[in-house]
Structures are given as structure tokens and as C-alpha cells.
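Chain and residue survey
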Amino acid sequence: MRIDDCVHFCAPSRLIIELGYRHKLPNLLQALGYRRGLLVTDSFFAEKTLWVKEYVTACERLGVHVDVYAGGQPDPTTDLCDRATAELRIAQGGQLPDHIVSLGGGSNIDLAKALCVTLAAGRPIRDFGGGVASDAPVIDHIAVPTTAGTGAELTPGTILFDPATGIKTAVMDNRLRPVVAAIDPELTFTCPPKVTAESGIDALTHALESFVTLDSDRFDRNGSFDPGYSGRSGLTMIFARESIRLATAYLLRCYEDGNDVEARVGMCYASVYAAMSYGSAGLNAVHGIAYGVAALTHKSHGATNAVVLPYVVDALRESRHAELLEVARMFGIKTDDEVRAVRELPHKLRELVGKLGIPTDLNAFGISQGSLRDLLIDSLGVTRLAKAFPVGNIEECYAEIIDNAWRGGLRDEKTERRPAA
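Everything quoted here is computed from the prediction, not taken from an experiment. (Residues numbered from 1 in each chain as written. Predicted model: local features only at pLDDT ≥ 70, side-chain atom pairs only at ≥ 80, totals over all residues. Heavy atoms only, no water.)

A closer look at the overall build of the protein chain
Each helix and strand in the protein chain was counted, giving 15 helices and 8 strands. Computed over the C-alpha atoms, the radius of gyration of the protein chain is 21 Å, within 12% of the 22 Å expected from 2.2 N^0.38 for a compact globule of 421 residues. Projected onto the principal axes, the alpha-carbon positions of the protein chain cover approximately 65 × 55 × 45 Å. The 421 residues of the protein chain split such that 57% are buried. Once local pairs closer than 6 in sequence are excluded, the contacts in the protein chain between residues at least 24 apart make up 77%. Here the protein chain displays about 17100 Å² of accessible surface, and carbon together with sulfur accounts for 52% of that area. Charge centroids of the protein chain, computed over 43 positive and 53 negative side chains, lie 1 Å from each other. (Helix = DSSP H or I, 4+ residues; strand = E, 2+ residues; numbered from the N terminus. Rg over C-alpha atoms; globule rule 2.2 N^0.38 Å. Buried < 20%, exposed > 50% of the residue type's maximum accessible area, 1.4 Å probe, protein only. Contact = heavy atoms within 4.5 Å. Areas by Shrake-Rupley, 256 points an atom, 1.4 Å probe, with all protein chains shown as cover. Lys, Arg positive; Asp, Glu negative; His and termini not counted. Charge placed at Lys NZ, Arg CZ, Asp CG, Glu CD.)

Structure follows, in C-alpha cells:
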């Protein structure tokens, strides 16, 4: 217990983690009274696997009609959401679904969350950038993730890329949390190594960021009585610790051997626990800077987080010493010198990122030195994340992180990084 905590914890109505559960999901939906659904996925799952056909057939047998939208794309855009909304409203002839099921990674889940609002309202997603009105209808969402990492199946927001601004935009409301999060680890077994690595490091990032983010009694909730994010608490830190422990045990194993069932299941739990933490505590500088990196490079969300993560942790060595010492011990750093242990942690994280096949600095990631000022401005522009970073001078700290991340040098490394040839 932390006596100053101001806990506002939200979780899905039903959280299910079970090998093979996808075969039981139609029965649950029928039992909950759903009769007309929309399955949001992408062409790979619709055309290259049997999962969609099996699901639709099982639902129809139980009297639950399912329409399929297979137009999901990586890093979905606001334009994609609006096109899908228009197409689906015409195709359904005014008969809106009573639930939406998402099948896929975080991109498909985010698109489904957005459609839960736009289909009901018949309005573009940009209309909800300032929030979802309390009387706005929101369609129930059942999330079925196929990757172990994003945690979008438990969180209150949808993140879409807005081509008009060139950055990612968020729509936040607790009603966007899926009412059912159905995690079937078997769906992750065929993830290729690259997806396994990038989604897995995303889970670890979520856990680490939420473990060290701003405390709940200092978090700016913008006057909301039902905030989507509300700062870390003793409760969120419990989930973060367990997620970090599992990720240190299973992430690299999972990447190196996709047939390691124990590691696959372990990373599913790591992802869920990370989402249980950050889904209420919120995030900060890693994601804030990564959004800017993504706008410049269009690389995956997990990879853009990974390249920044060691340098953000490095910047928190003093303000979050006790927490990072815990994490250092989980990473097997045993030295009795606690300051040294915390200093070694960013090195361990950078080493892990490299072992996962992800570039370990922004230069190698494709960002020019001349873009760093714009990256700083864009990163600070994500104010909800910047405000949650527990340091004194946030702008100065962001600038140092970005510079170090471009050079590939941590604070205790004095040598200058040589520019790539």
C-alpha cells in the first residue's frame, strides 16, 4: 500500500487467457446475448489462415451473424478508419452490429476500437480527438490479439496515424476498453521472429515505462472523473513487476525459438500484465519520442520504442533509482554496488534490443542528425506523455535523450559515435 495513491483502475469486464480459447469464443458471445457482429481483421488472417472461416461458421451455427471487414493495415490511418466507416454503414444498410470482434495485432485492435465509435455515430474519427461525449454510443468490442506485446486489448485508447498532420493521434475513453479480452496464446505461435521481437519489446517497454512513470497523486487528470490514465500506483506496479520478470525470462527465448511453447505463453502473460499496469498508469518519454521517430521513419511501433528505451531509462537513473535497481536485479545484474547496478541496466537493455535484431541508435534507424530538432519538437508536442515523465526539466531531458540515442552513447560512455558510412 502507498498511502498517497489515488487509484483509478479499469480492466475489461472479462479477461480470458486459455490455450485454444478461440474455439470457445462463439459460445461466450451467444451466452452474452450478441446476435449481429462485425469481425475486423486483415487480408492475411482472412485469406491465409482458417481462423476467420472457422469463427464465422461457428457463430452462424449458434445464431450469431458475422460480417467480416478484412481491410486492416499496419499503423492504421484516420483516412482508413473513415473509409471503412462509410463502406460498412452502406453495406450494413443501417443495421449496426451489436458487437465488434478484432483479430490481429495492435493495429487491427486499434482500428476496431475506432470503428466502435465512428460506426455508431457515422462521423469521422477526427471528431473524437478531443474526447468521446458521455452520451455518444460506443459499440461493444471483443479483442482477440494474435501478438504478445501491444496490450491494446486492455487499454482505453486507439492510436491512428493522421496523414494531415504527419503524426499519430489518440482517441481516449474508458468505454473504448474492450468488454472482453480473449487471449489465446496459440494464435501467437506462428508469429515470425521479427514480429515476435518487436511486439515483445513493446510489452517490456510498457511495463518499464509504467513502473517508473509519474505517481498517481501527482498525475494530471485534466479534471476528469473517469480518466483513461491516472498515474502509477502500488496496484499498477505489482503488474509491472511481474511483466518485467516474465519478459526477462521469456522474450529472447521466444525470439530465438518460436516453437518454445512455455516462452510463447509466458510472453502472452507478460503482455497482459504490462497492459494491466500501463492501461491505468499511463506511459511517458519512450512512447512520446517513439511517436516522432515513427513519423520520420514509418517503422513499426515496437521497433521505434525499442531504439529509444535504453536512453530513456538511462535518464532516470537518479529520479527512479530504487525502481531501476529492482529491474536491474531482474536482469541478473548482481553487483553489490547499487549505483553501478542501475548504471549497467541501460547497457543490458541496449544489448537486448540488438539481440532482437533491432537497431540500437537513431542514426542506424535512418534518422539524420538534421532531423533531431524536429524530432524534439514533435516529441514534446505529445504533452500527455511529456507531462508524465518524472524529471525536473522535461525539455532539456528529452533533448539529451534524443542526442544520446542518435549517437548511440549512454551517459557514462564518453566516446563519440561515428556517423554511419
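The discussion continues.
Looking at the pattern of salt bridges
Tallied over the entire structure, the rule returns 27 salt bridges. Where Asp184 meets Arg22, a salt bridge forms, and the shortest distance between an N and an O atom there is 2.7 Å. One end of the pair, Asp184, is in the loop between strand E8 (180–183) and helix H6 (193–212); the other, Arg22, is in the loop between strand E1 (14–17) and helix H1 (25–31), with 162 residues separating them in the sequence. The exposure class assigned to Asp184 is buried, which follows from its relative accessible area of 1%. In this structure, the salt-bridge partner of Arg317 is Asp314, at a minimum N-O distance of 2.9 Å. (Salt bridge = Lys/Arg side-chain N within 4 Å of Asp/Glu carboxyl O.)

Considering H6
Compared with an ideal rise of 1.5 Å per residue, which puts 20 residues at 28 Å, H6 spans 29 Å between its outermost C-alpha atoms and is within 8% of the ideal. Summarising burial for H6: 17 of the 20 residues are buried, a large majority. (Expected span 1.5 Å × (residues − 1).)

What about the UniProt feature "domain: Alcohol dehydrogenase iron-type/glycerol dehydrogenase GldA" (unreviewed entry) in the protein chain?
UniProt records the feature "domain: Alcohol dehydrogenase iron-type/glycerol dehydrogenase GldA" (unreviewed entry) for residues 12–185 in the present numbering. Taken end to end, residues 12–185 is 31% helix and 24% strand, and its first and last C-alpha atoms sit 18 Å apart. (UniProt positions renumbered as here; feature names shortened; annotations may be inferred.)

Re the environment of Ala143
Mapped onto the secondary structure, Ala143 falls in strand E5 (residues 140–145). Judged by relative accessible area, which is 0%, Ala143 ranks as buried. Separated by 42 residues in the primary sequence, Ala143 and Val101 have C-alpha atoms spaced 5.7 Å apart.

Some remarks on the side chain of Arg320
Locating Arg320 in the fold gives a position in the loop between helix H10 (301–315) and helix H11 (321–330). An unpaired buried charge is present at Arg320: no salt bridge exists, and Glu323, the closest side chain of opposite charge, is 4.1 Å distant. Beyond its immediate stretch of four places on either side in the chain, Arg320 contacts Val212, Thr213, Leu214, Asp215, Arg232 and Pro390.

Observations concerning unusual backbone geometry
Positive phi, close to 45 degrees, is recorded for Asp75, a residue that is not glycine. By the element assignment, Asp75 lies in the loop between strand E3 (65–69) and helix H4 (78–91).

Some words on a nonpolar patch on the surface
The grouping of Val7, Leu235 and Ile238 at the surface amounts to a nonpolar patch, some 250 Å² of accessible area in total. Among the secondary structure elements, Ile238 is positioned in helix H7 (residues 234–256). (Patch = residues over 30% accessible without salt bridge, like charges linked within 9 Å, V, L, I, M, F, W, Y side chains within 5 Å.)

Topic: the packing of H6 against H11
The interhelical angle for the contact between H6 and H11, taken along N-to-C directions, is 150 degrees, at an axis separation of 9 Å. Here H11 runs roughly antiparallel to H6, going by the angle between their axes. Contacts from Leu208, Phe211 and Val212 of H6 reach H11 at Glu323, Leu324, Glu326 and Val327. Looking at side-chain class alone, the contact of H6 with H11 contains 5 nonpolar, no polar and 2 charged residues. (Axes fitted to C-alpha atoms, helices over the stretch in contact; angles between N-to-C directions. Parallel < 35°, antiparallel > 145°, perpendicular 65-115°, else oblique. Nonpolar A, V, L, I, M, F, W, Y, C, P; charged D, E, K, R; others polar.)

Examining the domain arrangement of the protein chain
Entries for the protein chain in the domain assignment read domain 1 (14–187) and domain 2 (193–411). Each of domain 1 and domain 2 was reduced to a C-alpha centroid, and the two centroids are 27 Å apart. Listed by partner, the interface residues are 24 residues for domain 1 and 28 residues for domain 2. Linking domain 1 with domain 2 are 0 salt bridges. Summed over the shared surface of domain 1 and domain 2, the result is 10 residue pairs in polar contact (both at pLDDT 80 or more). When contributions to the side of domain 1 that touches domain 2 are tallied by element, the ones reaching two or more residues are E1, strand E6 (157–162) and strand E7 (167–172). (Domains from an automatic or database assignment. Polar contact = N/O pair within 3.5 Å; in protein donor to acceptor, adjacent residues only side chain to side chain.)

Here's the deal with the UniProt feature "domain: Fe-containing alcohol dehydrogenase-like C-terminal" (unreviewed entry) in the protein chain
Using the residue numbers shown here, the UniProt feature "domain: Fe-containing alcohol dehydrogenase-like C-terminal" (unreviewed entry) corresponds to residues 236–373. Taken end to end, residues 236–373 has its terminal C-alpha atoms 34 Å apart, with 72% of it in helix and 0% in strand.

Details of the packing of H6 against H10
The interhelical angle for the contact between H6 and H10, taken along N-to-C directions, is 55 degrees, at an axis separation of 8 Å. Taken together, H6 and H10 sit at an angle that is classed as oblique. In this structure, the crossing between H6 and H10 has a hand that is left-handed. In contact with Glu198, Ile201, Asp202, Thr205, His206 and Leu208 of H6, H10 contributes His301, Gly302, Ala303, Asn305, Ala306 and Leu309. (Left-handed = near helix turned anticlockwise from the far one by under 90°.)

Topic: the pairing of E6
Taking burial as the measure, the 6 residues of E6 include 6 buried ones, the bulk of the element. Neither face of E6 is exposed, since Gly157, Ile159 and Phe161 on one face and Thr158, Leu160 and Asp162 on the opposite face are all buried. With 6 bridges connecting them, E6 and E7 associate as antiparallel partners. Its bridge partner being in E7, Thr158 is matched across the sheet by Val171. Connecting E6 to the antiparallel partner E7 that follows it, the hairpin turn spans 4 residues, and Gly166 within it adopts a positive phi of roughly 80 degrees. (Pairing = 2+ DSSP bridges.)

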